[in-house]
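Residues per chain, in single letters:
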Amino acid sequence: LEESATAQSERLHQARLTNLTWLRKCAKELGQDDEVNRLVNERTAMKKRSARPTEGQAAVLQSDSVTLQWKAMECRALARTFALQKQSSGKNDIIEREKLTRGLDELLEEITMAPQESMKRAAAQFRETILSCIDKPMKERRISVLKACDELRDVLRAHGLQVSDSINSKKKKK
């Protein structure tokens, strides 16, 4: 059991490094040099740290608020949908933004009721990040929103939840 937990931790660490690499490539393609530098520094720091949770830390990752976890997962899904829209088309963008804003308001209610723990801190950070970029143009917000979703996914997985990302492409039949 301990071996599989270590292997899973290593896979998560490698996945996070890969995500940072792809985010850097996206930022570079968009010409966001400051973001590229920040992501390079973050990836380098992560590689240097490579700290695995000890037994004492792993015990802390048990969440006392299942409702907070589920609400965080729901908001994360709304945020991903919002970030992955094909284009910022007036009416659809407004509808998705309103859904996300309502979800973030509900998340705040759960955050305020939850005990102080890593899940609460991660959900609060996720909410702050999404709110700070929700009104930015799509090209500017996409990377920040997806990065916040990745970070929350890692915390949710550390708390034992199975989180799978998928992209649904809706093809219109003529």
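Parameters and conventions
Residues numbered from 1 in each chain as written. Predicted model: local features only at pLDDT ≥ 70, side-chain atom pairs only at ≥ 80, totals over all residues. Heavy atoms only, no water. Helix = DSSP H or I, 4+ residues; strand = E, 2+ residues; numbered from the N terminus. Buried < 20%, exposed > 50% of the residue type's maximum accessible area, 1.4 Å probe, protein only. Areas by Shrake-Rupley, 256 points an atom, 1.4 Å probe, with all protein chains shown as cover. pLDDT = per-residue confidence, 0-100. Axes fitted to C-alpha atoms, helices over the stretch in contact; angles between N-to-C directions. Parallel < 35°, antiparallel > 145°, perpendicular 65-115°, else oblique. Left-handed = near helix turned anticlockwise from the far one by under 90°. Contact = heavy atoms within 4.5 Å. Nonpolar A, V, L, I, M, F, W, Y, C, P; charged D, E, K, R; others polar. Phe/Tyr/Trp six-rings, centres within 6.5 Å; stacked < 30°, edge-to-face > 60°. Lys NZ or Arg CZ within 6 Å of the ring centre and 35° of its normal. Core = buried A, V, L, I, M, F, W, Y, C linked by side-chain atoms within 4.5 Å. Expected span 1.5 Å × (residues − 1).

(A) Just the overall build of the protein chain, in detail. Helix and strand counts for the protein chain come out as seven helices and zero strands. When the helices and strands of the protein chain are listed from N to C terminus, the series reads α-α-α-α-α-α-α. Counting every position in the protein chain, which comprises 174 residues, the buried fraction comes to 37%. Of the roughly 11,300 Å² that the protein chain leaves accessible, carbon and sulfur atoms contribute 52%.

(B) How the structure looks around the confidence of the model for the protein chain. When pLDDT is averaged across the protein chain, the result is 79; 80% of the residues are at 70 or more. Element-level pLDDT for the protein chain is lowest in helix 3 (residues 55-60), with a mean of 43, against a maximum mean of 92 in helix 6 (residues 118-133).

(C) Examining the packing of helix 4 (residues 66-83) against helix 6 more closely. Taken N-terminus to C-terminus, the directions of helix 4 and helix 6 make an angle of 25 degrees; their axes are 11 Å apart at the nearest point. Here helix 6 runs roughly parallel to helix 4, going by the angle between their axes. At the point where helix 4 passes helix 6, the crossing takes the left-handed sense. In contact with Leu68, Gln69, Ala72, Cys75, Arg76 and Ala79 of helix 4, helix 6 contributes Met119, Lys120, Ala123, Phe126 and Ile130. The class makeup of the residues in the contact of helix 4 with helix 6 is eight nonpolar, one polar and two charged.

(D) Region of interest: the packing of aromatic side chains. This model, assessed by the stated rule, comprises zero aromatic pairs. Lying over the aromatic face of Trp22, Lys25 brings its terminal NZ or CZ to 4.7 Å of the ring centre.

(E) Inspection of the nonpolar core at higher detail. One finds Leu107, Phe126 and Ile130 to be the most contacted residues of the largest nonpolar core, which totals 26 residues. Of all the secondary-structure elements, those providing two or more residues to this core are helix 4, helix 5 (90-113), helix 6 and helix 7 (138-158). The next biggest cluster of nonpolar side chains, apart from the first, holds eight residues, and it includes Leu17, Ala27, Leu39 and Met46.

(F) Here's a closer look at the environment of Ala83. On the secondary structure map, Ala83 appears in helix 4. Relative accessible area serves as the criterion here: at 0%, Ala83 is assigned to the buried category. Residues Ala83 and Ile134, spaced 51 residues apart in sequence, show a C-alpha to C-alpha distance of 9.1 Å. Excluding anything up to four places from it in sequence, Ala83 contacts Arg142, Val145 and Leu146.

(G) Structural view of helix 7. Between its first and last C-alpha atoms helix 7 spans 30 Å; for 21 residues at 1.5 Å apiece the expected length is 30 Å, and the two agree. Gly160 lies just past helix 7 and shows a positive phi near 95 degrees.

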